Amino acid sequence: MSSSFARAALRRASLAAFRPARDRASFSAAATSSPHATTVLCVRKDGETVIMADGQVTMGSEIVKPNVKKVRIIEPGVVGGFAGATADAFTLFERLEQQLEQHPGQLTRACVELAKQWRTDKFLRKLEATMIVADKESSFQITGSGDVLEPHDGVIGIGSGGSYALAAARALVDVPGMKAFDIAKKAMTIAADTCVYTNHNFTHQIIGGPDATTKAEEKSDKGKDTKASTKASTSGE
């Protein structure tokens, strides 16, 4: 009787010792298969804002594509980058565009409203992505848990290599003479050399400065051109 009790106690102790190792293994596997296996970086300095991302898409241990564009212009003067599932991210970008149409020129409010929808909507809460959104005045990190985070130093890094790029950019941001683009490129290079899920095929968008790839004025200029053409056609009639 005592021997049976001893064997049962030994079995329970063995199971208790095995359970944490099993949990750690499952956590490691989940981390390895994370859809956020990429690097996206936002750097803001001296009136110039840069969002830069690598181009690698990974499924497990396989590189599926090396040149995906993870940075896009949401509207003139507003750019975004994403880490996570591509379809999910584009769905969220479309929702953000809708919010910007409802609240023009109010990126902060649009991001907060998107975060509310993302957290509470039965469909959107299943989407797996993390976003960086920026305009000429502010930059934000948006997550599915309802977070809208604005950095104190103008630097944001997301994805599997985001911490490497973030640390490198923060080390370089105070270097005199380095522009936001130069800081972003150097930091992304360091991340690509460190993170196996990040490559050197960088794409970027710039707001502000002489090298800007999109300007808020483009939207208003387009509206002016439309009004001018409408007026010309009316006067011609």
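Read on for an overview of the structure. Remember, predicted model here, so these are calculated numbers, not experimental data.

1. Focus on the sheet that holds strand β6 (residues 78-84)
Alright, step 1. Reading across the sheet, the five strands line up as β5-β6-β7-β8-β9 and stay open at both edges, with antiparallel pairing between neighbours. Two strands bound the open sheet, and with one partner strand each, they are β5 (71-75) and β9 (148-149).
Alright, step 2. Where β6 and strand β7 (residues 129-134) come together, six bridges link them in antiparallel fashion. Residue pairing across strands places glycine 81 opposite isoleucine 132, the latter belonging to β7.

2. Quick notes on the pairing of β7
Alright, step 1. By the criterion of burial, β7 is predominantly enclosed, with six of the six residues buried.
Alright, step 2. The two faces of β7 match: Ala129, Met131 and Val133 on one face and Thr130, Ile132 and Ala134 on the other face are all buried.
Alright, step 3. In the sheet, β7 pairs with strand β8 (residues 139-142) via four bridges, with the strands oriented antiparallel. Paired with isoleucine 132 across the bridge in β8 is glutamine 141.
Alright, step 4. As consecutive antiparallel partners, β7 and β8 are separated by four residues.

3. A look at helix α4 (residues 162-172)
Alright, step 1. Among the residues of α4, Gly162, Ala165, Leu166, Ala168, Ala169 and Leu172 are the ones counted as buried.
Alright, step 2. Those residues of α4 hidden inside the fold are in contact with β1 (39-45), β10 (155-159) and α5 (180-194).

Reading guide: rules and limits
Residues numbered from 1 in each chain as written. Predicted model: local features only at pLDDT ≥ 70, side-chain atom pairs only at ≥ 80, totals over all residues. Heavy atoms only, no water. Pairing = 2+ DSSP bridges. Helix = DSSP H or I, 4+ residues; strand = E, 2+ residues; numbered from the N terminus. Buried < 20%, exposed > 50% of the residue type's maximum accessible area, 1.4 Å probe, protein only. Contact = heavy atoms within 4.5 Å.

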